[in-house]
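Structure assessment
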Amino acid sequence: MSGAKTKPRELRAQRRTGRRCWDHLVVAPLWVAYDANLGTLLRTCDAVGACLAVPRTSHYRTALAKGDTLGRRRPCIHWVTPTKEAWLARQRESGKRLVAVELADGATPLTRLEPAREPTVLLLGHEHQGVPDDVLVEVDECVEIPMIGQGASLNVAVAGSLVAYRLAGLS
Ligand SMILES: C[S@@+](CC[C@H](N)C(=O)[O-])C[C@H]1O[C@@H](n2cnc3c(N)ncnc32)[C@H](O)[C@@H]1O
């Protein structure tokens, strides 16, 4: 790159919009357990202009407090209450599209996923058990990230970030 004079810190400041809640793309790691994954997803939400939705429990509050490296600039957090099931039903009733990130028959490969044109909730599964089967049968779309390596799956924060970038229209 020639002639690039603006420093990364200045670019970051210029690109900050100050907008906190677009409510267009909501990343919902409702079954994700590990602090590091939740912290990583929080940063991805900030980067792509998404909100994060997590259950209102001490586990998630503590995990996000530990993983929050953004401080006052962190993205909007939607608390999932009173239960995951009731919250998901509310999202559906309000017209949001439910998209699960999971390895599943008939899933859309990431390479064919279109940017979200309507309000969308992105569901991510537990590090060991994945997205529950009864939730998978109810979603509008399931997205799978093709893999050619020896591992059975990706880290959930990596998988969620790849799909969030795509749905946000940034990759
Ligand atoms: C480590 S995986 C869970 C694997 C679990 N052992 C299973 O078989 O269901 C954790 C989560 O990451 C996401 N994930 C990981 N790799 C993925 C892939 N290649 N495509 C889609 N989602 C993936 C899914 O949300 C999944 O629920």
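Here we summarise the structure given alongside this text. (Residues numbered from 1 in each chain as written. Predicted model: local features only at pLDDT ≥ 70, side-chain atom pairs only at ≥ 80, totals over all residues. Heavy atoms only, no water.)

**Considerations on the site of the ligand**
By nearness alone, 19 residues border the ligand, and Val101, Glu102, His128, Ile145 and Leu154 come closest of all. Between Gly125 and the ligand, the recorded distance is 3.2 Å, taken from a backbone N or O atom to an oxygen atom. Within the contact set of the ligand, a nitrogen atom lies 2.9 Å away from a backbone nitrogen or oxygen of His128. In isolation the ligand has 580 Å² of accessible area, and contact with the protein removes 82% of it. Put simply, the parts of the chain that give the shell around the ligand at least two residues each are strand E7 (141-144) and helix H6 (156-167). Looking at side-chain class alone, the shell around the ligand contains 10 nonpolar, 6 polar and 3 charged residues. (Near = heavy atom within 4 Å. Polar contact = N/O pair within 3.5 Å; in protein donor to acceptor, adjacent residues only side chain to side chain. Areas by Shrake-Rupley, 256 points an atom, 1.4 Å probe, with all protein chains shown as cover. Helix = DSSP H or I, 4+ residues; strand = E, 2+ residues; numbered from the N terminus. Nonpolar A, V, L, I, M, F, W, Y, C, P; charged D, E, K, R; others polar.)

**Description of the pattern of salt bridges**
The tally for this structure, following the rule as stated, stands at 4 salt bridges. The salt bridge involving Lys96 is made with Asp23; its shortest N-O contact spans 3.5 Å. You can see Lys96 sitting in the loop between helix H4 (84-93) and strand E4 (97-101) and its partner Asp23 sitting in the loop between helix H1 (8-15) and strand E1 (25-28), a full 73 residues away along the chain. A residue is classified by how much of its surface remains accessible, and Asp23, at 29% relative accessible area, is partly exposed. (Salt bridge = Lys/Arg side-chain N within 4 Å of Asp/Glu carboxyl O. Buried < 20%, exposed > 50% of the residue type's maximum accessible area, 1.4 Å probe, protein only.)

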